[in-house]
Amino acid sequence: MKMALWVLIAAMVLLGGYIRLSPSDTARWHVAPQGADKDMRNGVVRVVNTGPDGLAKLDAIATDAPRTRVLEGSVPEGMVTYITRSNVFGFPDYTTVQQDGDELHVYARSRFGRKDFGVNRDRVSGWLALLQP
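Residues numbered from 1 in each chain as written. Predicted model: local features only at pLDDT ≥ 70, side-chain atom pairs only at ≥ 80, totals over all residues. Heavy atoms only, no water.

1. A few points about the overall build of the chain
Consideration 1: Secondary structure assignment for the chain yields four helices and six strands.
Consideration 2: When the elements of the chain are put in sequence order from the N terminus, they spell out α-α-β-β-α-β-β-β-β-α.
Consideration 3: Seen through its principal axes, the chain has C-alpha atoms that stretch 60 × 25 × 25 Å.
Consideration 4: Sorting the 133 residues of the chain into buried and exposed places 40% on the buried side.
Consideration 5: Put simply, 56% of the contacts in the chain that link residues at least 6 apart link residues at least 24 apart.
Consideration 6: Entry remark: accessible area of the chain is about 8,100 Å², with carbon and sulfur atoms responsible for 60%.
Consideration 7: Of the charged side chains in the chain, 16 are positive and 14 negative, and the gap between their average positions amounts to 14 Å. (Helix = DSSP H or I, 4+ residues; strand = E, 2+ residues; numbered from the N terminus. Buried < 20%, exposed > 50% of the residue type's maximum accessible area, 1.4 Å probe, protein only. Contact = heavy atoms within 4.5 Å. Areas by Shrake-Rupley, 256 points an atom, 1.4 Å probe, with all protein chains shown as cover. Lys, Arg positive; Asp, Glu negative; His and termini not counted. Charge placed at Lys NZ, Arg CZ, Asp CG, Glu CD.)

2. Thoughts on the side chain of histidine 105
Consideration 1: As for its placement among the helices and strands, histidine 105 is situated in strand β6 (residues 103–110).
Consideration 2: Separated by 3.4 Å, the side chains of histidine 105 and glutamate 103 make a polar contact.
Consideration 3: Setting aside residues up to four positions removed in sequence, histidine 105 forms contacts with Pro33, Gly35, Arg46, Val47, Thr96, Val97, Gln98 and Asp100. (Polar contact = N/O pair within 3.5 Å; in protein donor to acceptor, adjacent residues only side chain to side chain.)

3. Here's the deal with the pattern of salt bridges
Consideration 1: Scanning all chains against the criterion turns up four salt bridges.
Consideration 2: Salt-bridge contacts for arginine 46 lead to aspartate 39; the nearest nitrogen and oxygen are separated by 2.7 Å.
Consideration 3: Two residues, aspartate 122 and arginine 121, come together in a salt bridge whose shortest N-O distance is 3.3 Å.
Consideration 4: Judged by relative accessible area, aspartate 122 falls into the partly exposed class, the value being 46%.
Consideration 5: Its relative accessible area of 36% is what places arginine 121 among the partly exposed residues. (Salt bridge = Lys/Arg side-chain N within 4 Å of Asp/Glu carboxyl O.)

4. A short note on the packing of aromatic side chains
Consideration 1: Within this structure, the stated rule accounts for four aromatic pairs.
Consideration 2: For the ring pair phenylalanine 91 and phenylalanine 112, a centre distance of 6.4 Å and an interplane angle of 65° mean the geometry is edge-to-face. Pair noted here: phenylalanine 91 is in the loop between β4 (79–85) and β5 (92–100) and phenylalanine 112 is in the loop between β6 and α4 (119–131), with a separation of 21 residues, a long-range link.
Consideration 3: Relative accessible area serves as the criterion here: at 26%, phenylalanine 112 is assigned to the partly exposed category.
Consideration 4: Chaining the aromatic ring pairs together yields one cluster made of Phe89, Phe91 and Phe112. (Phe/Tyr/Trp six-rings, centres within 6.5 Å; stacked < 30°, edge-to-face > 60°.)

Put into structure tokens, the structure is as follows:
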């Protein structure tokens, strides 16, 4: 029984290390958002009219958010991908934001699992709510 417990603990530590330390392939995650507003099992797409400075404003909000950092891109490039990690286990979620004229296109999705339990939708909704004057 003790041996099984130690094997389980070791497996959890290894899985946690993999989740936190696995590299993020920018070619896979830093891609332009496509389509209109849509809720998915593991993410969300939103298109909002923000005016031409929406990306700059959202960048300030996102980079100030807990456990969030820029993965790739920049405001001057017109597209930024952020990685946000969950509090306890460090699961990565990727949010790509692109400015297209006056519209801001946002695509948030989780890396692991088939369902994110609305985490990406809630984060994006919160960020977009902070954009409102």
